[in-house]
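# Structure assessment
As a plain string of letters, each chain reads:
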Amino acid sequence: MADWKRGARRVLYPAYEARMLRKMPANLPKHIGVMLDGNRRWAKAVGRDTAHGHRAGAANIEPLLGWCDEVGIEVVTLWLLSTDNLNRPAEELEPLLEIIVDAVDSLADQRRWRLHPVGALDLLPDAAAKRLKAAAEATADVDGMIVNVAVAYGGRREIADAVRSLLTEHAALGTPLELLAQQIDIEHIEEHLYTKGQPDPDLVIRTSGEQRLGGFLLWQSAKSEFYFCEAYWPDFRRVDFLRAIRAYAQRERRFGA
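Note that this is a predicted model, so its numbers are computed, not measured.

## With respect to the overall build of the chain
Within the chain, the secondary structure is distributed over ten helices and six strands. Taking 257 residues into account, the globule formula puts the C-alpha radius of gyration at 18 Å, and the chain, at 20 Å, falls close to it. Within the span of the chain, comprising 257 residues, buried residues form 46% of the whole. Summed over all atoms, the accessible surface of the chain reaches about 13,500 Å², with 51% contributed by carbon and sulfur. With 34 positive and 37 negative side-chain charges, the chain shows a spacing of 9 Å between the two charge centroids.

Okay, structure coming up:
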């Protein structure tokens, strides 16, 4: 991009963003899910290695949370690593896990947000799982936005874990299987999801131009609105975020009615 264009954007975008904030509608989402996609493709586009792309993506997490605070979002779910990603080669997966856990540690150190790991942490190396749990414990008393950190997360795995937890609970209570089959309903399963007690996401944002859910919050996003952004995650800007919020506010949510 020509230098004059970069300079023009640096001047014009802050004014444009400030105008968008002033005109922000009242019907904002309470819970936003974000699929932080495109780190590897961004790295390839700028001629760097994969780890550089993941580090650039991790560096964009804190700004995003600041933007969410700015407009009053209550819950954010960040999909950082899927269960499918665990099948990547060790030479990519090991540094990626370290980058993710370092980023979560950094967020915890600030004590601005209440961190809540969601995912099959038992699939992670023990050291990584312990650090994620420690970040949650260290921020449990923070009176701030809830940030779900989805690591080793898959929507199908979450539903399977919820059903397994439900069955285990009733087995301990001695509930006959036939009786449980008659009584089980949606609310019973929701009580065992990773996000139990939280509102479902109103808006799900996916970066990198991909237009698919990929297993993210399969249960919770049944009535969510979706916003797909062409930018790779490391290039996702405040103006992109505000556009997503504005697009959400302009939609008429019917919830199937």
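There is more to say after this.
## Concerning the environment of Glu178
Take Glu178: it is sitting in helix H8 (residues 177-183). Exposure remark for Glu178: the relative accessible area of 58% places this residue in the exposed category.

## As for the nonpolar core
When a protein is soluble and globular, its nonpolar side chains tend to lie buried together. Within the largest apolar cluster, 48 residues are counted, with the highest numbers of intra-cluster contacts made by Leu78, Leu124 and Phe241. Taken together, the elements giving at least two residues each to this core come down to strand S1 (31-35), helix H4 (61-71), strand S2 (75-82), helix H5 (90-110), helix H6 (126-138), strand S4 (146-153), strand S5 (203-206) and helix H10 (238-249). Core analysis: the second largest hydrophobic core is formed by ten residues, Met35, Val118, Ala120 and Phe216 among them.

## Quick notes on a nonpolar patch on the surface
Nonpolar side chains collect at one region of the surface, where Val163, Leu167 and Leu177 lie side by side and expose about 260 Å² of accessible area between them. Tracing the backbone through its elements, the reader meets Leu177 in helix H8. Residue class for Leu177 comes out exposed when judged on its relative accessible area of 61%.

Reading the values: rules and limits
- Residues numbered from 1 in each chain as written.
- Predicted model: local features only at pLDDT ≥ 70, side-chain atom pairs only at ≥ 80, totals over all residues.
- Heavy atoms only, no water.
- Helix = DSSP H or I, 4+ residues; strand = E, 2+ residues; numbered from the N terminus.
- Rg over C-alpha atoms; globule rule 2.2 N^0.38 Å.
- Buried < 20%, exposed > 50% of the residue type's maximum accessible area, 1.4 Å probe, protein only.
- Areas by Shrake-Rupley, 256 points an atom, 1.4 Å probe, with all protein chains shown as cover.
- Lys, Arg positive; Asp, Glu negative; His and termini not counted.
- Charge placed at Lys NZ, Arg CZ, Asp CG, Glu CD.
- Core = buried A, V, L, I, M, F, W, Y, C linked by side-chain atoms within 4.5 Å.
- Patch = residues over 30% accessible without salt bridge, like charges linked within 9 Å, V, L, I, M, F, W, Y side chains within 5 Å.
- Salt bridge = Lys/Arg side-chain N within 4 Å of Asp/Glu carboxyl O.

Fair warning: the whole summary comes from geometry, so function is off the table for now.
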